[in-house]
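# Residue-level structural notes
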Amino acid sequence: LWKVVFVGCAFNGWFLLTSQMHFVEAQHFHTWQRIQFACIKQGNFWMSVVVLLCVLLVLLVLLDEDWKMIFYGLMAVGNTVMLLVVILLLGYGLAEYPISLWQEARIVPSLKRYRCEAWEQHVKFNRVSKVLATKLAIVYDLRQRASSSLRHIGKHIVQITSECPVDVTCVLLMHPVRGPSIPMTTEEKETALYAALQQIERERTHGSDMTEVDAWLEALESAGTLPPDMDLCSLQDALYDATLRTMGDIDHLDPVLADCHAMHAQRLSSICKAIYALMPLAVQHSSAGDECNRHGLAEAIIRRNDASLVVHRGILGDDFCVPGGLMMSSDSMRSSNAVVEELVWTESKLVLLRTELHHLTRQYKKAKRRFDIAVVNAVLLEDLEATYHVLLPLHSMRDTLYRAFKARNGETSGLWGGVESPVR
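Residues numbered from 1 in each chain as written. Predicted model: local features only at pLDDT ≥ 70, side-chain atom pairs only at ≥ 80, totals over all residues. Heavy atoms only, no water.

## Brief notes about the overall build of the chain
The line we're drawing: Strands here are runs of E lasting at least two residues and helices are runs of H or I lasting at least four, both read from the DSSP assignment and numbered beginning at the N terminus. Partly exposed residues are those whose accessible area sits between 20% and 50% of the maximum for their type, while under 20% is buried and over 50% is exposed, using a 1.4 Å probe and protein chains only. In what follows, residue pairs with any heavy atoms lying within 4.5 Å of each other are defined as contacts. Computed with the Shrake-Rupley method and a 1.4 Å probe, the accessible areas treat only the protein chains shown as cover for residues.
Assigned secondary structure in the chain consists of 15 helices and four strands. Out of the 424 residues in the chain, the part that is buried amounts to 34%. Put simply, of all contacts in the chain between residues at least 6 apart along the chain, 67% involve residues at least 24 apart. In the structure as shown, the chain presents an accessible area of about 26400 Å², 64% of it carried by carbon and sulfur atoms.

As C-alpha cells, then:
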C-alpha cells in the first residue's frame, strides 16, 4: 500500500500536474498544438533526468554497490527532504503568527507599514501597467487590420483581443484640449491604454466609476494646466455633486457657445460664477471652491472651447496654435503603425504575442490584487485610528458627548457621524 501511494503521488506530482501546467502555459490556438507543446516540455525535462540517471548508473556499476539498498535509500532521502521542507514552512508560520499579532496590536507602526506597502505595490502596479500598455497598443493595431490586410489570421486576433484585461476596441484618449478622441499615434495609443488600466485601479480604490470630467481633470493635471496646489480628488467630487459629469456639461458653462463675440474676461468671470453656483454649500468654502482653483478650471474650459471653435470654423492648417500655447500638429493626427507594418504577422508570431500578453496580464492582475489589499488595509486602519481618537480618550469622549447633548434637533454639523470608510 505504501508503494502504491508513493508511486501515485510521484506520478501526480511529476507527470500529471506538470503536464497540465505546460498545457495551460501554452498559448497556441489549437488544442493539439498545446498538447504537443506540453509533451515537448515534459520530454525536455525527462531527457535531463535520464541523462542524470545514466550518470548515476555508470557510477553504481563502477562502485559495485547493492542496487536495492541504493533505491530505497534514494526514496528515504526524498521523503526526508520533503519533511524538512514541511517542518521549515510550518515552523515559520508558527513563529510568524505571534509576531503578526504583536505588530497588529500597535496601531502607529502598523499604519506606517501598511502605507509603505501600499506605495510599493502602487509603484509595481504602474510599472507592470506601462509594459502591458505597450503590448496592448500592438493588439489595438492588429484589431484594426483583422478584417482587411490580416484577414487570414483575423479569428486569432479577435481571440487575443477578447483575452485582454481592457476592451482595446473602444479605448479613447482623453486629451486636455480635444477631450475624448481616437488615439492615432503609437504614443497616444499607449497613453490611452495605460489610462484605461489605471482607471480600473481607481474605480476599485474609490468604489465608483470615473466620469468623463474626472478623466479630463486628470489629463489637465498631467499636462500641468491646473494650479499646482489644487486638490484633484476634492475638485472631482465637487463637480460630480454639481452634476457636471460629461464634457457637454462643462462646455456649456462657457458663454461663447451662445455669444461668439464674448470677451475673455467676461467668459472667465461667467464660468467661475457658474461653477461656484453649482457647487454644494459645503464645497464652496473648501479648497475645491477656492477662487484660484475655479479660475484655473475656467481657463482650461476656455482653451478647450477655443480649440473646438477653430476646428469647426475650418481654418485648421498644417500646424496651428490654440489659446494657451497648446500646439496641435497635423503630424500627430496621422496614424503611425510602424510596428504592425514592419512585421509580417503569422500565426507563430501571434502565439509569441499571446504568450507575452498572458504573462503580463497575470502579473498585472497579481499586482492589482496586492495593491487593492494594501490600500484596503491602510484605509481601514486609518479609520480605526481616527475612531479611537474620537471615542476612547476621556477628553474626546467628553467633547463628543457634550456636542451631541447641546445639538439641536436635525443639526448634524460638528457631530461625529461614525466610521465613514470608502472601502468595506
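## Observations regarding the packing of aromatic side chains
This is how it is decided: Stacked, tilted and edge-to-face are the three classes assigned to paired rings of Phe, Tyr and Trp, where Trp is represented by its six-membered ring and a pair needs centres within 6.5 Å; plane angles under 30 degrees give stacked, over 60 edge-to-face, the rest tilted.
Here the structure, examined in full by the defined rule, presents three aromatic pairs. When the centroid spacing of 5.2 Å and the interplanar angle of 35° are considered together, the rings of Phe-125 and Tyr-364 count as tilted. Taken together, the residues Phe-125 in helix α4 (residues 107-144) and Tyr-364 in helix α14 (residues 347-391) connect sequence positions 239 residues apart. Ring centres of Phe-125 and Phe-371 lie 6.1 Å apart, and the angle between their planes is 20°; this geometry places the pair in the stacked category. Of the two residues, Phe-125 is situated in helix α4 and Phe-371 in helix α14; the sequence distance between them amounts to 246 residues.

## Points about a nonpolar patch on the surface
Applied cut-off: Nonpolar side chains (Val, Leu, Ile, Met, Phe, Trp, Tyr) within 5 Å and like charges within 9 Å form the patches, drawn only from residues with over 30% relative accessible area and no salt bridge. In the sections that follow, a salt bridge refers to a side-chain nitrogen of Lys or Arg positioned within 4 Å of a carboxyl oxygen of Asp or Glu.
Together, Phe-11, Trp-14, Phe-15, Leu-16 and Phe-45 make up a nonpolar patch on the protein surface, roughly 490 Å² of accessible area in all. Top element by residues in the nonpolar patch is helix α1 (residues 2-25). It accounts for four residues. The residue Trp-14 is located in helix α1 in this model. Classification of Trp-14 by relative accessible area gives partly exposed; the value is 49%.

## Here we look at the confidence of the model for the chain
Quick note on the threshold: A residue's pLDDT is the predictor's confidence in that residue, given on a scale from 0 to 100.
Of the residues in the chain, 79% reach a pLDDT of 70 or more, and the chain-wide mean stands at 76. In the predicted structure, residues 315-336 sits below a pLDDT of 50 and forms 33 contacts with residues beyond four places in sequence or in another chain.

## What to know about the environment of His-358
Within the secondary structure, His-358 is located in helix α14. Residue class for His-358 comes out partly exposed when judged on its relative accessible area of 23%. Along the primary structure His-358 and Ile-160 are separated by 198 residues, whereas in three dimensions their C-alpha atoms are 9.6 Å apart. Ignoring anything within four residues of it in the chain, the contact list for His-358 reads Glu-25 and Gln-27.

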